[in-house]
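The chain contents come next:
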Amino acid sequence: MSFLHHRTQVNLLSDPYSINPRNLFQNYQRPTSILNKTTLFILLSLILILGFFSPYTSISQTLMSSFEDSNSKWRGYTLDQAVPFVAKNGIVIVCAVSEPYLPFLNNWLISISRQKHEEKVLVIAEDYATLYKVNERWPGHAVLIPPVPDAQTAHKFGSQGFFNFTSRRPRHLLSIVELGYNVMYNDVDMVWLADPFPYLQGNHDVYFTDDMSAVKPLDHSHDLPPPGKKGRPYICSCMIFLRPTPGAKLVMKKWIEELQVQPWSKAQKANDQPAFNWALLKTKEQVDLYLLPQAAFPTGGLYFKNKTWVKETKGRHIIIHNNYILGFEKKIKRFRDYGFWLVDDHADESPLGRL
């Protein structure tokens, strides 16, 4: 505050009348005092105000510095550190989220909290805003794995940004199983209605769900479904459970290879799911694959569009995926219509609170 101690230096020779001694007093007019009552009151008020707020300015600067230090810490937080921190009984539940989808993350977390599995969740942040927001409210439960995709396009289905976003998924999952952990992956436009872990029994390498809306028998096969018209199955990459086995690692590596073979282009706006299906198809003889029951893990094309089936399978539904619909607001509306948009009235049940 050096300006508070600075006084204006008046140069008397700058007054032309002062040069002539005869005129020095004759023409000199007494300047208005800078210390008249009004000015003195203003100065004293300013001093009091600055004196009052300067401690708070110091506190604000300290808090800002602390916030920046905290952010810096999370920038250096690695997957190797995060996974052991959140894992319970050797299991991690992961999702990948960019800032636009934070409301869906919170909705998904509420549904998981109701099943008492939220402490296993690790959010793979796809931008720094998400990393900081989650760790500010729930320290240690978000990690960012560089490089960071373009945050402006990563959530637009069919864009190159969306491809870049989803194509990172198998690398994340491979890294976790290589650390020796079981890992469940979910898209955050899902909602848990019951605990899925009783359905993940056995020692299979890879568990997954069908993305087809055609109704299956309740006792359907758990083998990989046969290829469809495009020469591959239609398995959803939205819900995957992996054990830390050579078979699971082989599928992830093959998925990565297939993504490199089928890059995004304007002509073919790919996403990660076809590559995942090719990987499953090409490794099925070497890997123990397990198709989860359709009644428990239905695709959105079945659950939201076949009311008869929903009634017939009532009480069997475990995780519902809000797919077969495009658009952020449309997804929210559909969840609201079915009573699955929980953040409006139950945000306090999320580890993140109300965002």
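Residues numbered from 1 in each chain as written. Predicted model: local features only at pLDDT ≥ 70, side-chain atom pairs only at ≥ 80, totals over all residues. Heavy atoms only, no water.

A.B. asks: How do you make sense of the overall build of the protein when you look at a structure like this?
C.D. replies: Along its length, the protein carries 13 helices and nine strands. Looking at the protein as a whole, 47% of its 355 residues are labelled buried. Expressed as a percentage of contacts within the protein between residues at least 6 apart in sequence, the contacts between residues at least 24 apart total 73%. Counting only carbon and sulfur atoms, one obtains 56% of the accessible surface of the protein, whose full area is about 19600 Å². (Helix = DSSP H or I, 4+ residues; strand = E, 2+ residues; numbered from the N terminus. Buried < 20%, exposed > 50% of the residue type's maximum accessible area, 1.4 Å probe, protein only. Contact = heavy atoms within 4.5 Å. Areas by Shrake-Rupley, 256 points an atom, 1.4 Å probe, with all protein chains shown as cover.)

A.B. asks: Help me understand empty space enclosed by the protein, please; the structure alone is not making it clear to me.
C.D. replies: All told, the structure shown has one cavity of 30 Å³ or more when counted by the stated rule. Considered as a void within the structure, the largest cavity measures approximately 50 Å³ in volume. If you go around the largest cavity, you meet 13 residues; those closest to its centre are Met 190, Thr 209, Phe 297, Pro 298 and His 321. Counting only elements with at least two residues in the lining of the largest cavity, the list comes to strand S6 (206-210), strand S7 (235-242) and strand S9 (319-321). The leading source of residues in the lining of the largest cavity is S9, at three residues. For the lining of the largest cavity, a count of residues per class yields seven nonpolar, four polar and two charged. (1 Å grid on protein atoms, 1.4 Å probe; cavity = no way out; pocket = protein on both sides within 12 Å on 5 of 7 lines; lining within 4 Å. Points joined across faces, edges and corners; volume = space filled by probe spheres on them. Nonpolar A, V, L, I, M, F, W, Y, C, P; charged D, E, K, R; others polar.)

A.B. asks: Any chance you could explain the sheet that holds S6 here in plain terms?
C.D. replies: Strand pairs in the sheet, formed through backbone hydrogen bonds, run parallel or antiparallel to each other. Taken together, seven strands build an open sheet; the order of strands is S3-S2-S1-S4-S7-S6-S8 and the sheet is mixed. One side of each edge strand has no neighbouring strand; the edge strands of this open sheet are strand S3 (142-144) and strand S8 (289-291). Recorded for the sheet is a direction-independent mean angle of 30° between the axes of neighbouring strands. Summarising the sheet, S6 and S7 pair through five bridges and their orientation is antiparallel. Bridge pairing links Phe 208 to Ile 240 in S7. Sitting on the sheet, helix H3 (residues 79-86) is in contact with strand S1 (91-97), strand S2 (121-125) and S3, with an inclination near 155° to S2. Strands in contact with helix H8 (residues 246-261) are S6, S7 and S8; relative to S7, the strand with the most contacts, it is inclined by about 145°. (Pairing = 2+ DSSP bridges. Axes fitted to C-alpha atoms, helices over the stretch in contact; angles between N-to-C directions.)

A.B. asks: Before we go on, may I ask you to explain the pairing of S7 in this structure?
C.D. replies: In summary, the side chains of a regular strand alternate between the two faces of the sheet. The element S7 is extensively covered by neighbouring structure, given that eight of its eight residues are classed as buried. As paired strands, strand S4 (residues 182-186) and S7 are joined by four bridges and run antiparallel to one another. Paired with Tyr 185 across the two strands is Ile 240, which belongs to S7.

A.B. asks: Please clarify how the packing of aromatic side chains should be interpreted in this entry.
C.D. replies: Centre-to-centre distance and the angle between the planes together describe a pair of aromatic rings. By the definition in use, this model includes 19 aromatic pairs. Here the aromatic rings of Tyr 199 and Phe 297 are separated by 5.6 Å at their centres, their planes lie at 90°, and the arrangement is edge-to-face. With Tyr 199 in the loop between strand S5 (190-192) and S6 and Phe 297 in the loop between S8 and helix H10 (300-303), this pair connects stretches of sequence that are 98 residues apart. For Tyr 199, a relative accessible area of 30% translates into the label partly exposed. Each ring, one from Phe 304 and one from Tyr 338, has its centre 4.8 Å from the other, and the planes form 85°; the classification is edge-to-face. Here Phe 304 is found in the loop between H10 and helix H11 (307-312), whereas its partner Tyr 338 is found in the loop between helix H12 (328-337) and helix H13 (343-346), with 34 residues between them in sequence. The exposure class of Tyr 338 is partly exposed, given its relative accessible area of 32%. When the ring centre of Trp 74 is taken as reference, the NZ or CZ atom of Lys 73 above it lies at 4.5 Å. (Phe/Tyr/Trp six-rings, centres within 6.5 Å; stacked < 30°, edge-to-face > 60°. Lys NZ or Arg CZ within 6 Å of the ring centre and 35° of its normal.)

A.B. asks: Could you clarify how one ought to interpret the nonpolar core in this entry?
C.D. replies: Soluble globular proteins tend to pack their nonpolar side chains together in the buried interior. By size, the foremost hydrophobic cluster in this structure holds 94 residues, and its most contacted members are Leu 105, Trp 108 and Val 206. Residue contacts for Trp 108: discarding those within four places in its chain leaves Ile 93, Val 94, Cys 95, Val 121, Asn 186, Asp 187, Val 188, Met 190 and Trp 192. (Core = buried A, V, L, I, M, F, W, Y, C linked by side-chain atoms within 4.5 Å.)

A.B. asks: It is not clear to me how the packing of helix H7 (residues 169-178) against H8 should be interpreted in this structure. Could you clarify?
C.D. replies: Relative orientation of the contacting elements H7 and H8 amounts to 160°, with a least axis distance of 9 Å. When the interaxial angle is binned, H7 and H8 end up roughly antiparallel. Here H7 runs over H8; the crossing is left-handed. Residues Arg 169, Pro 170, Arg 171, Leu 173, Leu 174, Val 177 and Glu 178 of H7 pack against Lys 249, Met 252, Lys 253, Trp 255, Ile 256, Leu 259 and Gln 260 of H8. In the contact of H7 with H8, the residues fall into eight nonpolar, one polar and five charged. (Parallel < 35°, antiparallel > 145°, perpendicular 65-115°, else oblique. Left-handed = near helix turned anticlockwise from the far one by under 90°.)

A.B. asks: Which parts of the structure should I look at to understand unusual backbone geometry?
C.D. replies: Apart from glycine, the bulk of residues carry a negative phi angle, and the bulk of peptide bonds sit in the trans form. The peptide bond linking Pro 146 to Pro 147 adopts the cis configuration, its omega dihedral lying at 0°. Within the element layout of this structure, Pro 147 appears in the loop between S3 and helix H6 (160-166). Phi at Asn 89 is positive, roughly 55°, even though this residue is not glycine. Along the chain, the position of Asn 89 falls in the loop between H3 and S1. On the basis of relative accessible area, Asn 89 is assigned to the exposed category, the value being 75%.

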